[in-house]
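# Architecture and fold: a report
Chain by chain, the residues:
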Amino acid sequence: MQRAVSMVAYLGLRLQALPSALGRPLSCAQTKILGCDRVKLMESLVVGDIAELRPNQGTLSLFTNEAGGILDDLIVTSTSEGYLYVVSNAGCWDKDLALMQGKVRELQNMGSDVSLEVVDNGLLALQGPTAAQVLQAGVADDLRKLPFMTSAVMEVFGVSGCRVTRCGYTGEDGVEISVPAAGAVHLATALLENPEVKLAGLAARDSLRLEAGLCLYGSDIDEHTTPVEGSLSWTLGKRRRTAMDFPGASVILPQLKGKVQRRRVGLMCEGAPMRAHSPILNMEGTMIGTVTSGCPSPCLKKNVAMGYVPCEYSRPGTPLLVEVRRKQQMAVVSKMPFVTTNYYTLK
């Protein structure tokens, strides 16, 4: 209940990315992959099973390198219009675009039918328990038929050509709206006319994604982290595991069966909040890992964090120490998500 109230109060709308003066997205990059070989291209770069996606269904996946490291996390949607809609992090935009463009050229030189188009749209995220109710007033489509990780193109508060996806990086119900640049300000203004909706910045989103146990690229995962180490093994498609045909498969797949040296875990403590780079120690005082993200949880009234520890310390309930402001304090390994997620699924 407390989380629901706070969501309505400060995360009704997350203005995630209006186009900048240069036309580049501020927080998320949007791309279309077109052609008969679009799935072939995407599966040559990510770990997920893109071929199994139903029309307008999306999935979280990972770009990986040959060493098994995560280059970026992204959402891939197989649209009913016949292209893949890709949303990735703007902070990785240059390398992501170069990666995809390089693979497009490689496949085109081999005779494949594939191309890439950058989508110059804004991206508005409307998040919270009343998000669908607020949005329903501005669309003709029945949002009750749009479950988590599916999308549809529709007119939204008079702006045509918007792609509405039932997702968001908060652990709550909500949508992300890809809106043509010319209509982005109009749509944001229309949403803000509802008293339920408040602007919220990335700091508010950061506490919510952390409560939901969701990774932030560059902090919790990076090129030196494998999906198994990052507790993201669920992103590895079953068919892809069998085929062993994604970048880094020879490194990642043996980790599923054997023991990795470290794993991402959740941590909870009282006292001073844990922050990124805080040392994690065992009960004997030996440093065994580092916090990657941390903040006070508005909902739990406790401090939550993520970090990496050796496997033998990764079991929930394991007592540890964290060093905050040069003082050691008790912490405990905790299951994630810290706060139960509320994604909308069809009953």
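So, how was this worked out
Residues numbered from 1 in each chain as written. Predicted model: local features only at pLDDT ≥ 70, side-chain atom pairs only at ≥ 80, totals over all residues. Heavy atoms only, no water. Pairing = 2+ DSSP bridges. Helix = DSSP H or I, 4+ residues; strand = E, 2+ residues; numbered from the N terminus. Axes fitted to C-alpha atoms, helices over the stretch in contact; angles between N-to-C directions. Contact = heavy atoms within 4.5 Å. Phe/Tyr/Trp six-rings, centres within 6.5 Å; stacked < 30°, edge-to-face > 60°. Lys NZ or Arg CZ within 6 Å of the ring centre and 35° of its normal. Polar contact = N/O pair within 3.5 Å; in protein donor to acceptor, adjacent residues only side chain to side chain. Buried < 20%, exposed > 50% of the residue type's maximum accessible area, 1.4 Å probe, protein only. UniProt positions renumbered as here; feature names shortened; annotations may be inferred. Arc of directions from axis to C-beta. Core = buried A, V, L, I, M, F, W, Y, C linked by side-chain atoms within 4.5 Å. Domains from an automatic or database assignment.

### Remarks on the sheet that holds strand E6 (residues 115–118)
The strand order across the open sheet built from five strands is E3-E4-E5-E2-E6, with neighbouring strands paired in antiparallel fashion. Looking at the sheet topology across the chains shown, the edges are occupied by strand E3 (57–64) and E6. Adjacent strand axes in the sheet meet at a mean angle of 30° when their direction is disregarded. One ladder, built from six bridges, connects strand E2 (residues 28–34) with strand E5 (residues 84–89); its direction is antiparallel. Bridge pairing links isoleucine 33 to leucine 84 in E5. Packed on one face of the sheet, helix H3 (residues 93–109) meets E2, E3, strand E4 (70–78), E5 and E6 and runs near 155° to E6.

### A few points about the packing of aromatic side chains
For the structure shown, the criterion picks out one aromatic pair. For the pair phenylalanine 148 and tyrosine 343, a centre-to-centre distance of 4.1 Å together with 15° between the ring planes defines the contact as stacked. With phenylalanine 148 in the loop between helix H4 (131–136) and strand E8 (151–156) and tyrosine 343 in the segment after strand E17 (327–334), this residue pair connects regions lying 195 residues apart in the sequence. The ring of tyrosine 83 has lysine 32 lying over it, and the distance from NZ or CZ to the ring centre is 4.6 Å. Positioned over the ring face of tyrosine 308 is arginine 262, at 4.4 Å from the centre of the ring.

### Focus: the sheet that holds strand E16 (residues 319–324)
Taken in spatial order, the six strands line up as E12-E15-E14-E13-E16-E17 and close into a barrel, and their pairing is antiparallel. Ignoring which end each strand starts from, the neighbouring axes of this sheet average 40° apart. When strand E14 (residues 287–296) meets strand E15 (residues 303–310), the two strands line up antiparallel, connected through six bridges. Counterpart to glycine 294 in the pairing with E15 is alanine 305. Contacts from helix H6 (residues 202–211) reach E14 and E15, with the element oriented near 125° to E14.

### Overview of the side chain of arginine 240
Take arginine 240: it is sitting in helix H7 (residues 238–243). A distance of 2.7 Å separates a polar atom in the side chain of arginine 240 from the backbone oxygen of glycine 48.

### Notes on the pairing of E5
Burial within E5 is extensive, with five of its six residues counted as buried. Examined bridge by bridge, E4 and E5 share five bridges and lie antiparallel to one another. For isoleucine 75, the partnering residue across the bridge sits in E5 and is valine 87. Hairpin connection from E4 to E5: five residues lie between these consecutive antiparallel strands, with glycine 82 at a positive phi of about 95°.

### Some details on the UniProt feature "domain: Aminomethyltransferase C-terminal" (unreviewed entry) in the chain
Listed under "domain: Aminomethyltransferase C-terminal" (unreviewed entry) in the UniProt record, and renumbered for this structure, are residues 262–339. Along residues 262–339 one finds 0% helix and 55% strand; the C-alpha atoms at either end are 24 Å apart.

### Overview of helix H5 (residues 184–192)
Restricting attention to buried positions, one finds in H5 the residues Ala184, Leu187, Ala188, Ala190 and Leu191. Down the axis of H5, the buried set is contained in an arc of 160°. They therefore lie on one face.

### Let's talk about the nonpolar core
Membership of the largest hydrophobic core comes to 22 residues, with the highest contact counts inside it found for Leu126, Leu135, Val156, Val164, Ile177, Val179 and Leu187. Breaking this core down by element, the ones donating at least two residues are strand E7 (121–127), H4, E8, strand E9 (159–165), strand E10 (174–180) and H5. Sort the elements by how many residues they give to this core and H5 lands first, with four residues. Excluding its chain neighbours within four sequence positions, the residues that come into contact with valine 156 are Leu135, Gly138, Val139, Cys162, Val164 and Leu187. Core analysis: the second largest hydrophobic core is formed by 20 residues, Ile70, Ile221, Phe246 and Tyr308 among them.

### Here's the deal with the pairing of E17
Of the pairings in the sheet, the one linking strand E12 (residues 262–269) to E17 comprises three bridges and is antiparallel in character. Opposite leucine 267, over in E17, you have valine 333 as the bridge partner. Examined bridge by bridge, E16 and E17 share six bridges and lie antiparallel to one another. The residue bridging leucine 321 from the neighbouring strand is methionine 330, located in E17. Hairpin connection from E16 to E17: two residues lie between these consecutive antiparallel strands, with arginine 325 at a positive phi of about 55°.

### Concerning the domain arrangement of the chain
Assigned domains within the chain: domain 1 (13–208) and domain 2 (261–338). On a C-alpha basis, the centres of domain 1 and domain 2 stand 32 Å from each other.

### Side note on H6
Burial within H6 is extensive, with seven of its 10 residues counted as buried. For H6, every residue scored as buried is listed here: Ala204, Arg205, Ser207, Leu208, Arg209, Leu210 and Glu211. Where H6 terminates, the next one or two residues include glycine 213, which has phi positive at roughly 75°.

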